[in-house]
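# Survey of secondary and tertiary structure
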Amino acid sequence: MKTIIEPFRIKSVEPIRQTTRLQREGFIKAAGYNLFQIRACDILIDLLTDSGTSAMSTEQWAAIMRGDESYAGSDSFYRLEKTVQDLTAFRHVIPTHQGRAAERILFSLVCKPGQTIPNNTHFDTTRANIEVTGARAVDLPLPEAADTQARLPFKGNIHIEALERLIETEGASKIPLVMVTVTNNSGGGQPVSMANLEKVREITRRHGIPFYLDACRFAENAYFIQQGEPGYADLSPRQIARKMFSLADGCTFSAKKDAFANIGGLLCTNDDLLAGQEKDLLILTEGFPTYGGLAGRDLDAIAVGLEEVLDSDYLRYRIASTAYLGRHIADHGVPIVEPPGGHAIYIDAGRMLPHIPRSQFPGQALAAELYLHAGVRSVEIGSVMFGENARHELLRLAIPRRVYTQSHIDYLVEAILEINDRKHDLRGFEIVEQPQFLRHFSARFQPIAGE
Ligand SMILES: Cc1ncc(COP(=O)(O)O)c(C=O)c1O
């Protein structure tokens, strides 16, 4: 059969609410045209993020009932530790309440002012947790990745020559670790090849620098390797994921992505000394090392999710469904970051709406119109989020795992193509009120008045 179906049936449903355009005009105006400020019950299809928004399976809910809520030595922890060690072979598995808590603990221990952490592209919390220590977070994406239209198979790779140059100019002693983010979220959800990870391993070993993965979407990355990298077609996603982890000395992980959990994270390492220091810090803000800020039931849900995410039928459906959305809008003239990534489609709003200058936030204009037209929530990834550091003016449509069906995606395609047909009518925005930090969460906007 050619048709790829959702590899699950639905047992419990959550209604979503239809609203009229008139109602939505009221909601978005009251929210200062900022979609973070709209109540979730006023959204029809919510593509704000794929993080913590997955649907859990019957096995995960069953595991939740098994959760052991003992303060110390909970069975839930030992089940999770076994699952993670089976997959990653890392000696130390430290639970945290989410990915950024793992980042904060790791970077506050390894970074000092004047040091540098390279990455293919740092996620925003990763960057912030490095910079708060006085160290520098440096992105080393492939130069070709700057072109949103270039269709490279592993566009998320770290730029190897740039990494070698950086180590030479900074000196290995100034680089406490090299990180690679799989898949490369901020770079469009694009995968990283095994060959690229192997090169990073070889370089870091030569210079005595630890190598860490930001492994949030490790399973989606493994699937891309299986499908697109010579030599991997006959390996299972689990075998490929194991190989990816075997190249690294440790990882940070947000269980809110490829573990289908609504909360949770992990910090893993092979370094005994560092693990001891990490556990000391963990106790200060997260909790005892066998729960790390989570309930026992959360640990069990993560353990089951880590098994389920490597199912080939699931991964085939997941990546096909993201590509389906991408191809159906791109092949009808909507510019997206090519090729479609794993967890999201990014519309190049700067390219789609060239009549709206960067200073008037084309991504925000498109986000507002998609909500007004169809009740869909998305997120601007451009000058609103990153100010003058924005490389592109993008609109991200992140797809929660196992939540929406093909007809939701068809509805979305129809909405985007209808907006594309009258894109010249869209107008930009100006900011009328903004906080000191992270303005995308709470800034208020108003539409630029027409002539
Ligand atoms: C690549 C990447 N790293 C780290 C994080 C942070 O994880 P969390 O949201 O669980 O703190 C995210 C979250 O979106 C991410 O996408």
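Residues numbered from 1 in each chain as written. Predicted model: local features only at pLDDT ≥ 70, side-chain atom pairs only at ≥ 80, totals over all residues. Heavy atoms only, no water.

This part takes up helix 16 (residues 406-421). Three or four residues apart is the spacing at which side chains of an α-helix point the same way, because the helix has 3.6 residues per turn. In this model helix 16 runs 23 Å from its N-terminal to its C-terminal C-alpha over 16 residues, within 8% of the 22 Å that 1.5 Å per residue would give. Listed as buried for helix 16 are Ile-409, Leu-412, Val-413, Ala-415, Ile-416, Leu-417, Ile-419 and Asn-420. In the core, the buried residues of helix 16 are packed alongside helix 12 (312-330), strand 9 (344-348), helix 13 (349-352), helix 14 (362-374), strand 10 (376-377) and strand 12 (394-398). (Helix = DSSP H or I, 4+ residues; strand = E, 2+ residues; numbered from the N terminus. Expected span 1.5 Å × (residues − 1). Buried < 20%, exposed > 50% of the residue type's maximum accessible area, 1.4 Å probe, protein only. Contact = heavy atoms within 4.5 Å.)

Core analysis: the largest hydrophobic core is formed by 60 residues, its most contacted members being Val-180, Leu-197, Leu-213, Phe-218 and Met-244. With 6 residues, the single largest contributor to this core is helix 8 (residues 218-228). Apart from the residues within four sequence positions on either side, Leu-213 is in contact with Met-179, Val-180, Val-182, Leu-197, Met-244, Phe-245, Ala-248, Gly-250, Cys-251 and Thr-252. Among the nonpolar cores identified, the runner-up in size contains 46 residues, and Ala-349, Ala-365, Ala-368 and Leu-372 belong to it. (Core = buried A, V, L, I, M, F, W, Y, C linked by side-chain atoms within 4.5 Å.)

The next thing to look at is the packing of helix 14 against helix 16. At a closest axis distance of 10 Å, the pairing of helix 14 and helix 16 adopts a crossing angle of 120°. One finds that helix 14 runs oblique with respect to helix 16. Between helix 14 and helix 16 lies a crossing whose hand is right-handed. Between helix 14, through Leu-366, Glu-369, Leu-370, His-373 and Ala-374, and helix 16, the contact on the second element is made entirely by Tyr-411, Leu-412, Ala-415, Ile-416, Glu-418 and Ile-419. Considering only residue class, the contact of helix 14 with helix 16 consists of 8 nonpolar, 1 polar and 2 charged. (Axes fitted to C-alpha atoms, helices over the stretch in contact; angles between N-to-C directions. Parallel < 35°, antiparallel > 145°, perpendicular 65-115°, else oblique. Left-handed = near helix turned anticlockwise from the far one by under 90°. Nonpolar A, V, L, I, M, F, W, Y, C, P; charged D, E, K, R; others polar.)

As a further point, take the site of the ligand. As a matter of local geometry, the ligand sits amid 15 residues, with Arg-100, Asn-185, Asp-214, Ser-254 and Lys-257 nearest to it. Separating a nitrogen atom of the ligand from a side-chain N or O atom of Asp-214 is a distance of 2.7 Å. Starting from 390 Å² of accessible surface for the ligand in isolation, the protein chains cover 95%. For the shell around the ligand, the leading source of residues is helix 4 (residues 99-110), giving 3 residues. (Near = heavy atom within 4 Å. Polar contact = N/O pair within 3.5 Å; in protein donor to acceptor, adjacent residues only side chain to side chain. Areas by Shrake-Rupley, 256 points an atom, 1.4 Å probe, with all protein chains shown as cover.)

Taken in spatial order, the 5 strands make up an open sheet running 2-8-7-6-5, and their pairing is mixed. Lying at the two open borders of the sheet, with one neighbouring strand each, are strand 2 (92-96) and strand 5 (178-181). Across the sheet, the mean angle separating the axes of adjacent strands is 15° when strand polarity is ignored. By the bridge criterion, 5 bridges tie strand 7 (residues 250-254) to strand 8 (residues 265-269) in an arrangement that is antiparallel. Bridging across to strand 8, Gly-250 finds its partner in Thr-269. (Pairing = 2+ DSSP bridges.)

Nothing here speaks to function; it is all geometry.
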